[in-house]
Amino acid sequence: MHLMTEKTLLQDSLKELEFHRVLDQIARHCISEPGREIILDTLPSEDIQWLRTEHSLVEELRLVAIRNEHLPIEGLYDMRPMLQKSLIQGAFLTPTELLAVHDTIRASRLLRLYFRDKEELYPAIRAFVEQLHENRFFEKHITDAIDETGTVKDNASRELATIRKDIQETTAKLRSKIQKILRQVVEEDRAMEEFITQREGRFVLPIKAEAKRQIPGIIHGVSQTGSTVFLEPAEIFDWNNQLSLLLHQEQREIVRILTTLTGELGVEAVLFMGTADILAHFDALAAKGIYAVEKGGIMPEIVDFHHVELQNVYHPLLSVGSGKKPIPLSAEFDEHGRGYLISGPNAGGKTVALKNIGLNIAMALSGIFPLGNCRTNPRLIFTAVGDHQSIEQNLSTFSSQIVRLRDILSFCSHSALVLIDEICSGTDPQEGGALAAGILDSLIERHAFFVVTTHQSSLKTYALNREEIKNASMEFDENKLAPTYKFLSGIPGNSYAFVLAQSVGIPPHILENARNYLGDRQSEIEKSIAALQRYKSEAEQHTLKVAEERLKAENSRKEYEKKFEEFKVKYKQLVGLAREEAQDIVQKANALVENTIREIREQQKPVSEIRKNFEKEKQEITKKATELKKQDDISKPSGFIVGDAVTMGDAQDIGVIIDIDEQSKAAQVEFNGVKFKLPLVQLRRASKSKIKQTAQSKNVAGYVKLDARASTDVRGFRADEACKEVERLVSDAVLANLPSVTIIHGKGTGALRQAIHDQLSRHGSVSSFRNGAITEGGDGVTIVEIK
């Protein structure tokens, strides 16, 4: 049995993983045949720099796809054969081929222009397409010479224009001459039908077969029935000859024009070859980006040390229906834990888990985003999955797997990832288990990473004694007697053979006898494994619950810290303002005393008048000091009760507290008939007597919007102008108690819509928002629900 080459073994391993099916899914998003070829020929790479660059390019095109940006890449053709043909001396491209070249290089130019002003958003793609070659003069030469239907234009050259004019004149004269002959022949009842036709490029008449010798001329053909002959009258020989010469001149001139254009292309064919390669690569990158959006792919991290980590990765080929995703899987390989030994029941998902790991790593190493978080270094992926038995080669299931394992061990090194399904399962369990343990020892010695599935209990015990191997299993629901397909790391799995046998109706006495043959020790092991699985499942549920509670507590802590910081800033502002006003009062009091003393000394006024003015100024200062003290009392955010009049921060609107939630330290406050839930720290006391007055003043000022708009049109606005208009619309809607409003922003590039959505997501008065339905305007409008 010959040893398989490393390249063949790697390709065969990808085939076993069904990697080609992933490539088929991606290739469907390509718009050009060269792009499809690149995708379908994709293989994992060991070049770290190439992988990181490829992933950066795909990530930017993933963002392009998410933003629904329309790329100007329609009309991409495979122009490589045309470019090769243009390098042949004397060869010429057809008009259709030249139009295909034109459309492709035009798309290339527009693509380069599209990303030229988007360096901040897409720096990697901007640098990538900047390599595209363009020649607008050549584009113009093609469109000047050939129309959209692929016909060479009359004005492609002066000679062609002159020749075609002569053709038109000659054809008109020839038709006039032959029409006269036709009328005469019809009158003499020698014509089958009254029309003119052409044979071999020459004008002829349909003549009755019995009259063919009565008219001088040349017969160019006979009808299928033989009753009609197509005759060229002798009178038009010279005219037909002249027309034929002109048509040949026309064809020679067209060939000359096409040859000139082809030669012009040939001068830059090598540069356009590079452009064709870049366009094909771009098409493949765009397809990968669309696939990542479609499947939820995540950009992987390529490292230069021996480590593989997968978190919540999905099998890219599984579909469970109803829009649900398959059960995710997490696994990690490093110097301490080099491999997994997966055990569990039949049809429990062991092979799917093994392929899930292999496929996602193969995708990450091929410039394709895996379906989950992935960190890996370059790996050579070898597999032994499926039944390789062959009657022709005299190989059984066991012997075919052993041959495959021999080939893998021949090329296996520290950079390998080995995936083996049901290792050494087709022979005596004791011997097979021993052989499997020896193979796993070899993989550990070579420092390879591996995943192996098995049903053999001896291997589960073996894995417990090797720190480099992690036992793992696929969870099984004993109550429902069905697998959950959940990957459990650290716990071996049961085969559940007796449970499954009982569920399908095997008689109880047979199962009881079978258990006696199994032995007490094996039964205890199976029960212990089942208990471990239950404990792990319960522990994970508790851990998840604790994590959720911790997250809620952390979010609450951050929220209160933010509110407290806002309160401190407001309080500091109020204290500063109070100090300034107090200082102003002191200065005025001092000035009053000094001025009074001066007036008394100078006797500028009578003492009674001075005393009167002093008392008046004193009363004003005392009144202002009293008001300042009241404001200081109002600024203290404690001791609120239902019915208190309050303001929010420095706002002038006065509301009434209608409910207080002591647990959340918040109050429900009604402002002008609109209810808000606000933190207590943001509230300040106010006078109830001012509520009616304030409400009236607001009505006068227009703050209560009885005629508020329900929509606004911001098409043509800049982002900052549109955001201001949206703020006014939402504020008016809140005051008018409108349940929802409509913002018309148009579709365009989506940048204006994104800016408005960003603003709405942070707005405190917005409950939710969505794109409009088709009947409402589709993506060109946004419907906003008001709190």
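Quick look at the structure, then. Keep in mind that this is a model prediction, so the values were computed, not measured. (Residues numbered from 1 in each chain as written. Predicted model: local features only at pLDDT ≥ 70, side-chain atom pairs only at ≥ 80, totals over all residues. Heavy atoms only, no water.)

Our next topic: the overall build of the protein chain. Within the protein chain, the regular secondary structure consists of 22 helices and 23 strands. Taken over 787 residues, the protein chain has a buried fraction of 41%. Relative to all contacts within the protein chain whose residues are 6 or more apart in sequence, the contacts with residues 24 or more apart total 67%. (Helix = DSSP H or I, 4+ residues; strand = E, 2+ residues; numbered from the N terminus. Buried < 20%, exposed > 50% of the residue type's maximum accessible area, 1.4 Å probe, protein only. Contact = heavy atoms within 4.5 Å.)

Note on placement: Ser-765 falls in the loop between helix H22 (751–762) and strand E22 (766–771). Apart from the residues lying within four places of it in its own chain, the contact partners of Ser-765 are Val-730, Val-734, Glu-785, Ile-786 and Lys-787.

With their axes 10 Å apart at the nearest point, helix H6 (residues 95–116) and helix H8 (residues 136–145) run at an angle of 145° to one another. In the crossing of H6 with H8, the sense of the turn from one axis to the other is left-handed. On H8, the residues that touch Leu-98, Leu-99, Val-101, His-102, Ile-105, Arg-106 and Arg-109 of H6 are Arg-136, Phe-138, Glu-139, Ile-142 and Thr-143. Split into classes, the residues belonging to the contact of H6 with H8 amount to six nonpolar, two polar and four charged. (Axes fitted to C-alpha atoms, helices over the stretch in contact; angles between N-to-C directions. Left-handed = near helix turned anticlockwise from the far one by under 90°. Nonpolar A, V, L, I, M, F, W, Y, C, P; charged D, E, K, R; others polar.)

Across residues other than glycine, the phi torsion is negative in most instances, and most of the peptide bonds are trans. At Asn-68, a position not held by glycine, the phi torsion is positive, near 55°. Tracing the chain through its elements places Asn-68 in the loop between helix H4 (48–66) and helix H5 (80–86). Even without being glycine, His-447 reaches a positive phi, approximately 60°. Take His-447: it is sitting in the loop between helix H14 (429–445) and strand E12 (449–454). The exposure class of His-447 is partly exposed, given its relative accessible area of 42%.

This part covers a nonpolar patch on the surface. Together, Val-504, Ile-506 and Ile-510 line one region of the surface with nonpolar side chains, adding up to about 270 Å² of accessible area. For Ile-506, the location among the structural elements is in the loop between helix H16 (497–503) and helix H17 (508–518). (Patch = residues over 30% accessible without salt bridge, like charges linked within 9 Å, V, L, I, M, F, W, Y side chains within 5 Å. Areas by Shrake-Rupley, 256 points an atom, 1.4 Å probe, with all protein chains shown as cover. Salt bridge = Lys/Arg side-chain N within 4 Å of Asp/Glu carboxyl O.)

In this section: the sheet that holds strand E3 (residues 217–222). The pairing of strands in a sheet happens through backbone hydrogen bonds and is either parallel or antiparallel. The strand order across the open sheet built from four strands is E1-E2-E4-E3, with neighbouring strands paired in antiparallel fashion. Both outer strands of the open sheet, strand E1 (197–199) and E3, are each paired with one neighbouring strand and no more. Looking at each pair of strands side by side, their axes are set apart by 50° on average, direction ignored. Relative to strand E2 (residues 202–208), E1 is paired through three bridges, and the arrangement is antiparallel. Within E2, the position partnered with Arg-199 by the bridge is Arg-202. (Pairing = 2+ DSSP bridges.)

Pairing is mixed across the open sheet formed by six strands, whose spatial order is E10-E11-E12-E8-E13-E14. At either margin of the open sheet sits one strand with a lone partner, and together these are strand E10 (380–384) and strand E14 (482–489). Direction aside, the axes of adjacent strands within the sheet are offset by 15° on average. Most of the contacts of helix H15 (residues 457–464) go to strand E13 (residues 469–477), to which it runs at about 130°, and overall it touches strand E8 (339–343), E12 and E13.

Turning to the packing of aromatic side chains, a few remarks are in order. One pass over the full model with this rule turns up six aromatic pairs. Arranged with centres 5.8 Å apart and planes meeting at 80°, the rings of Phe-115 and Tyr-122 form a pair that is edge-to-face. For the pair Phe-115 and Tyr-122, one class covers both residues: buried. Note on Tyr-340 and Phe-487: the rings are 5.7 Å apart at their centroids and 65° apart in plane angle, and the pair reads as edge-to-face. Taken together, the positions of Tyr-340 in strand E8 and Phe-487 in strand E14 put the pair 147 residues apart, joining distant regions of the chain. A residue is classified by how much of its surface remains accessible, and Tyr-340, at 3% relative accessible area, is buried. On the basis of relative accessible area, Phe-487 is assigned to the buried category, the value being 9%. Chaining the aromatic ring pairs together yields one cluster made of Tyr-114, Phe-115, Tyr-122 and Phe-282. Lying over the aromatic face of Tyr-114, Lys-118 brings its terminal NZ or CZ to 5.0 Å of the ring centre. The side chain of Arg-379 reaches across the aromatic face of Phe-449, ending 4.0 Å from its centre. (Phe/Tyr/Trp six-rings, centres within 6.5 Å; stacked < 30°, edge-to-face > 60°. Lys NZ or Arg CZ within 6 Å of the ring centre and 35° of its normal.)

Taken as a whole, this structure holds 34 salt bridges when the rule is applied. Measuring nitrogen to oxygen at the nearest pair gives 3.5 Å for the salt bridge that ties Lys-85 to Glu-97. With Lys-85 in helix H5 and Glu-97 in helix H6, this residue pair connects regions lying 12 residues apart in the sequence. When its relative accessible area of 28% is taken as the criterion, Lys-85 is described as partly exposed. Taking the shortest distance from any N to any O, the salt bridge between Asp-713 and Arg-715 comes out at 2.7 Å. Judged by its relative accessible area of 35%, Asp-713 falls in the partly exposed class. Exposure remark for Arg-715: the relative accessible area of 52% places this residue in the exposed category.

To continue, consider the packing of H14 against H15. Two quantities define a packed helix pair, namely the angle between the helix axes and the distance between the axes. At a minimum axis distance of 9 Å, the contact between H14 and H15 shows a crossing angle of 30°. Note that H14 runs across H15; the crossing there is right-handed. Between H14, through Gly-433, Ala-436, Ala-437, Leu-440, Asp-441 and Ile-444, and H15, the contact on the second element is made entirely by Ser-458, Leu-459 and Tyr-462. A class-by-class count of the residues in the contact of H14 with H15 yields six nonpolar, two polar and one charged.

What follows covers H14. For H14, which comprises 17 residues, the first-to-last C-alpha distance of 24 Å matches the rise-based estimate of 24 Å (1.5 Å per residue) to within 8%. Residues of H14 that are buried include every one of Gly-432, Gly-433, Ala-436, Ala-437, Ile-439, Leu-440, Ser-442, Leu-443 and Ile-444, and no others. Those residues of H14 hidden inside the fold are in contact with helix H13 (397–411), strand E11 (416–420), E12, H15 and E13. The N-terminus of H14 is capped by Asp-428, whose side-chain oxygen sits 3.0 Å from the backbone nitrogen of Gln-430. His-447 lies just past H14 and shows a positive phi near 60°. (Expected span 1.5 Å × (residues − 1). Polar contact = N/O pair within 3.5 Å; in protein donor to acceptor, adjacent residues only side chain to side chain.)

Within the fold, Glu-332 resides in strand E7 (residues 329–333). Sequence separation between Glu-332 and Thr-376 is 44 residues; the distance between their C-alpha atoms is 9.7 Å. If sequence neighbours within four positions are ignored, Glu-332 has contacts with His-307, Val-308, Glu-309, Gly-337, Tyr-340 and Lys-470. A polar contact of 3.4 Å, which involves the side chain of Glu-332, links it to the side chain of His-307.

The next point concerns the side chain of Arg-202. Residue position: Arg-202 is located in strand E2. Residue Arg-202 is classed as buried on the basis of its relative accessible area, which comes to 14%. Separated by 3.5 Å, the side chain of Arg-202 and the backbone oxygen of Phe-237 make a polar contact. Within polar-contact distance, the side chain of Arg-202 engages the side chain of Asn-241 at 2.7 Å. In this structure Arg-202 touches Thr-197, His-220, Glu-232, Phe-237, Asn-240, Asn-241 and Ser-244, once residues within four positions along its chain are discounted.

To continue, consider the environment of Asp-407. For Asp-407, the position within the fold is in helix H13. A relative accessible area of 3% means that Asp-407 is categorised as buried. The spatial distance from the C-alpha of Asp-407 to the C-alpha of Phe-382 is 9.5 Å, given a sequence separation of 25 residues. Within the structure, the side chain of Asp-407 is placed 2.9 Å from the side chain of Arg-406, a separation counted as a polar contact.

As far as function goes, none of this settles anything; it's purely spatial.
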